[in-house]
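Listed below are the residues making up each chain.
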Amino acid sequence: KNPSLYKSTKKLPKKNNTSYTQNKIMFTNRNRPVVASSGTSGAPWAIVRFLQFASAVLVMSLIAYALHNYNYFGSKKANFGLAVGVIGTFYILCVILFVAVLPQLVLVGPYLIAEGIMCLLWLCGFIVTAKVFGQHSCGSTRNINNYNPNYGSMNAFQNSQGQVNPFTNRYTSSSHKTACRSAKTSIAFSGLSFVLFVLSCVVLGLNVVKPIIAAHG
């Protein structure tokens, strides 16, 4: 019998596909968009987001209460601080919704840019609120001996005995201590919001750099 007619039972060595597999993975990673990674999830990240949300809500509520108590909405700087609180609250709600429900649609690059914008907004909000609410002591008023129509009507001048609130620049017989303290408290929470967003920017920035280094070497 011719042994060549029988199939050889000797196993041929397998081709080494390691290099091909590695190249395929590297090619895939280079063309895959970087999404929100696991570094921005978990209990510590949830705590940071909760603190950001609570701080933004407090800023919004405290300033809104102060302006309502003052019965004065003519300060553009105070309104800016209120707007930052509203934007911050809305932003955190959007982040929680999209990152928790649809994380695959959240690209880390635009996500980081949005965090940076919010960080700058809170910095500006902190500076503005500190300027507009922090320069006056609560309960302090100015006494005006002669009537000035810029501060209100003659009737208001007589009822207040010439006392002018330094924030509203209006004749008033009330010290507005509660409104003043509420406004001053908003300064602290605006600063806290800025610090928290600096923290989230740093953490998110690290999660942008790591996938890029892993994909491109």
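Each value, and the rule that gives it
- Per chain, residues are indexed from 1 in the order of the written sequence.
- Local features in a predicted model are, by the rule used here, given only for residues with pLDDT of at least 70; side-chain atom pairs are given and counted only at 80 or more, and totals for whole chains, interfaces and linings are based on all residues.
- For side-chain calculations, the full set of non-hydrogen atoms in the structure is used, while hydrogens and water are omitted.
- Here a strand is any run of E in DSSP of at least two residues, a helix any run of H or I of at least four, and the numbering for each starts at the N terminus.
- Buried residues are those whose accessible area, probed at 1.4 Å on protein chains only, stays under 20% of the maximum for their type, while exposed residues exceed 50% and partly exposed ones sit between those limits.
- Contacts are assigned to residue pairs that have any heavy atoms within 4.5 Å of one another.
- A 1.4 Å probe and the Shrake-Rupley method give the accessible areas. Residues count as covered only by the protein chains that appear here.
- Looking at any residue, its pLDDT shows the predictor's confidence there, from 0 to 100.
- Only residues whose relative accessible area exceeds 30% and that take part in no salt bridge are eligible for patches, with like-charged residues grouped when within 9 Å of each other and nonpolar side chains (Val, Leu, Ile, Met, Phe, Trp, Tyr) grouped when within 5 Å.
- By definition, a salt bridge exists where a carboxyl oxygen of Asp or Glu is found within 4 Å of a side-chain nitrogen of Lys or Arg.
- Two cysteine sulfurs form what is called a disulfide whenever their separation falls within 2.5 Å.
- Aromatic rings from Phe, Tyr and Trp, with only the six-membered ring used for Trp, were paired whenever their centres fell within 6.5 Å, and each pair was classed as stacked if the ring planes differed by under 30 degrees, edge-to-face if by over 60, and tilted otherwise.

Undergrad: Requested: an account of the overall build of the chain, with residues and values cited.
TA: Secondary structure assignment for the chain yields six helices and three strands. For the chain, the succession of helices and strands along the chain, N to C, is α-α-α-α-β-α-β-β-α. The buried share of the chain, taken over its 217 residues, is 30%. At a minimum sequence separation of 6, the contacts of the chain that also span at least 24 residues come to 73%. Roughly 13700 Å² of accessible area belongs to the chain as shown, and the carbon and sulfur atoms make up 65% of that amount.

Undergrad: Residues and numbers for the confidence of the model for the chain, please.
TA: In the predicted model, the chain carries a mean pLDDT of 78, and the fraction of residues at 70 or more is 78%. Confidence scores differ between elements of the chain, with helix H1 (residues 18-30) showing the lowest mean pLDDT of 40 and helix H2 (residues 43-70) the highest of 92.

Undergrad: Go over a nonpolar patch on the surface, please, and point to the residues and values.
TA: Together, Leu97, Phe98, Val101, Leu102 and Leu105 make up an exposed nonpolar region whose accessible area comes to about 470 Å². Mapped onto the elements, leucine 102 comes out in the loop between helix H3 (76-101) and helix H4 (108-134). Relative accessible area serves as the criterion here: at 31%, leucine 102 is assigned to the partly exposed category.

Undergrad: Requested: an account of the state of the cysteines, with residues and values cited.
TA: By definition, a disulfide links two cysteine residues through a covalent bond between their sulfur atoms. Using the criterion set out here, one finds one disulfide in the structure. A sulfur-sulfur distance of 2.2 Å marks the disulfide that ties cysteine 138 to cysteine 180. Between cysteine 138 and cysteine 180 the sulfur-sulfur dihedral comes to about -85 degrees; the bridge is accordingly left-handed. Of the two residues, cysteine 138 sits in the loop between H4 and strand S1 (142-143) while cysteine 180 sits in helix H6 (residues 177-216), which places them 42 residues apart along the sequence. Using a relative accessible area of 26% as the deciding quantity, one classes cysteine 138 as partly exposed. Residue class for cysteine 180 comes out buried when judged on its relative accessible area of 7%. Between cysteine 119, a cysteine without a disulfide, and cysteine 201, which holds the nearest cysteine sulfur, the sulfur-to-sulfur distance is 4.7 Å.

Undergrad: Could you give an account of unusual backbone geometry, naming the residues involved and the relevant values?
TA: One non-glycine residue with positive phi stands out, namely asparagine 71, at about 55 degrees. Its relative accessible area of 54% is what places asparagine 71 among the exposed residues.

Undergrad: Please provide a residue-by-residue account of the packing of aromatic side chains, values included.
TA: The full count for this structure, using the stated rule, is one aromatic pair. Ring centres of tyrosine 91 and phenylalanine 197 lie 6.1 Å apart, and the angle between their planes is 50 degrees; this geometry places the pair in the tilted category. On the criterion of sequence distance, the pair formed by tyrosine 91 in helix H3 and phenylalanine 197 in helix H6 is long-range, its members being 106 residues apart. With a relative accessible area of 13%, tyrosine 91 lands in the buried category.

Undergrad: Which residues make up the pattern of salt bridges, and what values do they have?
TA: Counted under the stated rule, the structure contains one salt bridge. The salt bridge involving arginine 49 is made with glutamate 115; its shortest N-O contact spans 2.7 Å. Of the two residues, arginine 49 sits in helix H2 while glutamate 115 sits in helix H4, which places them 66 residues apart along the sequence. For arginine 49, a relative accessible area of 4% gives the class buried.

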